[in-house]
Amino acid sequence: SSSLPGITATRHGAALVAGSAMVQLEAKLHGKALLITGETMGVKDILKSLGGKFNGPLKGWMWPASRGSDVVQKLIAASHQVKDSFTGSAPATAAASPAPTADTGSSAPTGKKRKAADDDAAAGKMKSAIDAACDAAGPKKAATQAAAAAADPSAGGFFVPLSSEGKDKRRVSLSTFGGTLQVDIREWWGSEGDMKPGKKGIALKLEEWEALKAAIPAIDKAIAKQRA
């Protein structure tokens, strides 16, 4: 058998017996972590042995959400009263990769191949979104932008100016870093046909770009509220 302070486990872990007085605890989801609060002082050695970290401002003990259900079940099995608001609210874990099919013996791509496939898919979505934005701007403006991009090799073959007047040299373009495609929002300098990227700007990973697009409705609402 194995044991933790205040807890004795059977050989197969089928049951846990409390070695300390029963206490009342509450388990709940806090961000991406399990938070245990309540009468924790009487079982602090148990909580620490289960890998918990005490959070002073929250007056409770915390674990990664991935370990939350196991911790809650062990405390319940130790005969402590646990008000469980965590189970059912914790984020689901990622599904396992599919096994090789019987007829072909092939499996889902892993490692670098999977990352390359994900990058290609994200790049395809990005191109579609950019094409849609150019179409929405009108045929004449889209044609002007396409011609400028083709004539300006420093822009990486594509850019969208953030000013219709042409005075503001801030633009959105695509770049790569370490083989990863990024959306680059930056100030450029130089003359037409010989533009160069400046230091002022930000390069967004594709997942950050998707998060920004998803946040646009909320940002628009906040802008409208400030203008009202």
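Residue numbering note: each chain is counted from 1, following its sequence as written. Local features in this predicted model are restricted to residues of pLDDT 70 or higher, and side-chain atom pairs are both shown and tallied only at a pLDDT of 80 or more, whereas totals for entire chains, interfaces and linings draw on every residue. By convention in this description, side-chain values take in all heavy atoms of the structure and omit both hydrogens and water.

(A) Representation of the sheet that holds strand β12 (residues 196-205) within the structure. The antiparallel open sheet is built from four strands, whose spatial order is β9-β10-β11-β12. If you trace the sheet from one side to the other, it starts and ends with β9 (159-161) and β12, each paired once. Ignoring which end each strand starts from, the neighbouring axes of this sheet average 30° apart. Strands are treated as partners if at least two bridges between them are detected by DSSP. Only runs of H or I of at least four residues qualify as helices and only runs of E of at least two qualify as strands under DSSP, and these elements are numbered from the N terminus. As paired strands, β9 and strand β10 (residues 170-177) are joined by three bridges and run antiparallel to one another. The residue bridging P161 from the neighbouring strand is R171, located in β10. For this analysis, residues touch if any pair of their heavy atoms sits within 4.5 Å. Angles run from 0 to 180 degrees between N-to-C directions of axes, and those axes are lines fitted to C-alpha atoms, restricted for helices to the stretch in contact. Of the strands in this sheet, β11 (180-189) and β12 touch helix α5 (residues 206-227), which is tilted by about 80° from β12.

(B) Region of interest: the side chain of R186. Within the secondary structure, R186 sits in strand β11. Polar contacts, as counted here, are pairs of nitrogen or oxygen atoms within 3.5 Å of one another; within protein the pair requires one atom able to donate a hydrogen and one able to accept it, and residues that are adjacent in sequence qualify only if both atoms are side-chain atoms. Within the structure, the side chain of R186 is placed 2.7 Å from the side chain of D184, a separation counted as a polar contact.

(C) How the structure looks around the pairing of strand β5 (residues 33-38). Exposed residues in this analysis have more than 50% of their type's maximum accessible area, buried residues have under 20%, and partly exposed residues fall in between, with area computed by a 1.4 Å probe over protein chains only. Buried residues dominate β5, accounting for five of its six residues. Where strand β4 (residues 24-30) and β5 come together, six bridges link them in antiparallel fashion. Directly across from K28, in β5, lies its bridge partner L35. A loop of two residues connects β4 with β5, the two strands running antiparallel in sequence, and G31 in this loop sits at a positive phi of about 65°. Strand direction decides the pairing type here: β5 and strand β7 (residues 60-64), joined by four bridges, are antiparallel.

(D) Main features of the sheet that holds strand β6 (residues 53-55). In space, the five strands of this open sheet follow the order β6-β7-β5-β4-β8, with mixed pairing throughout. Taken across any chain shown, the strands that pair with only one partner, and hence form the sheet edges, are β6 and β8 (81-84). Here the average twist between neighbouring strands, direction ignored, is 30°.

(E) Fine view of the pairing of β10. Two elements, β10 and β11, share eight bridges in a ladder whose sense is antiparallel. Bridging across to β11, T176 finds its partner in L181. Joining the antiparallel neighbours β10 and β11 is a turn of two residues, in which G178 adopts a positive phi near 60°.

(F) Representation of the packing of aromatic side chains within the structure. Here is the rule: rings of Phe, Tyr and Trp (six-membered ring for Trp) pair when centre to centre is within 6.5 Å. Planes less than 30 degrees apart are stacked, more than 60 are edge-to-face, and the remainder are tilted. This model, assessed by the stated rule, comprises one aromatic pair. Two limits define a charge over a ring: the Lys NZ or Arg CZ must be within 6 Å of the ring centre, and within 35 degrees of the ring normal. The ring of W188 has R171 sitting right over it, with the charged end atom 5.0 Å from the ring centre.

(G) Quick look at helix α2 (residues 65-77). Multiplying 1.5 Å by the residue count of a helix minus one yields the expected span of that helix. The terminal C-alpha atoms of α2, which comprises 13 residues, lie 19 Å apart, in line with the 18 Å expected from a rise of 1.5 Å per residue. When α2 is considered as a whole, its buried residues turn out to be A65, G68, V71, V72 and L75. Across the axial projection of α2, the buried residues extend over an arc of 105°, all falling on one side. Where α2 is buried, its residues contact β4, β5, α1 (44-49), β7 and β8. Count one or two residues on from α2 and you reach S79, which has phi positive near 70°. The arc in question is formed by the directions pointing from the helix axis toward the C-beta atoms.

(H) Molecular detail of the confidence of the model for the chain. Counting all residues, the mean pLDDT for the chain is 73, and 61% of those residues have values of 70 or more. Scored from 0 to 100, pLDDT records how confident the predictor is in each individual residue. Contacts from residues 93-97, a stretch scored under 50 in pLDDT, to residues over four places away or in other chains number one contact. Taken together, the stretch residues 142-155 has pLDDT below 50 and engages in 18 contacts with residues farther than four places along the chain or on a different chain.

(I) Molecular detail of unusual backbone geometry. Unusually for a residue other than glycine, K59 sits at a positive phi of about 55°. A relative accessible area of 66% places K59 in the exposed class. Positive phi outside glycine occurs at S79, with the angle close to 70°. Locating S79 in the fold gives a position in the loop between α2 and β8.

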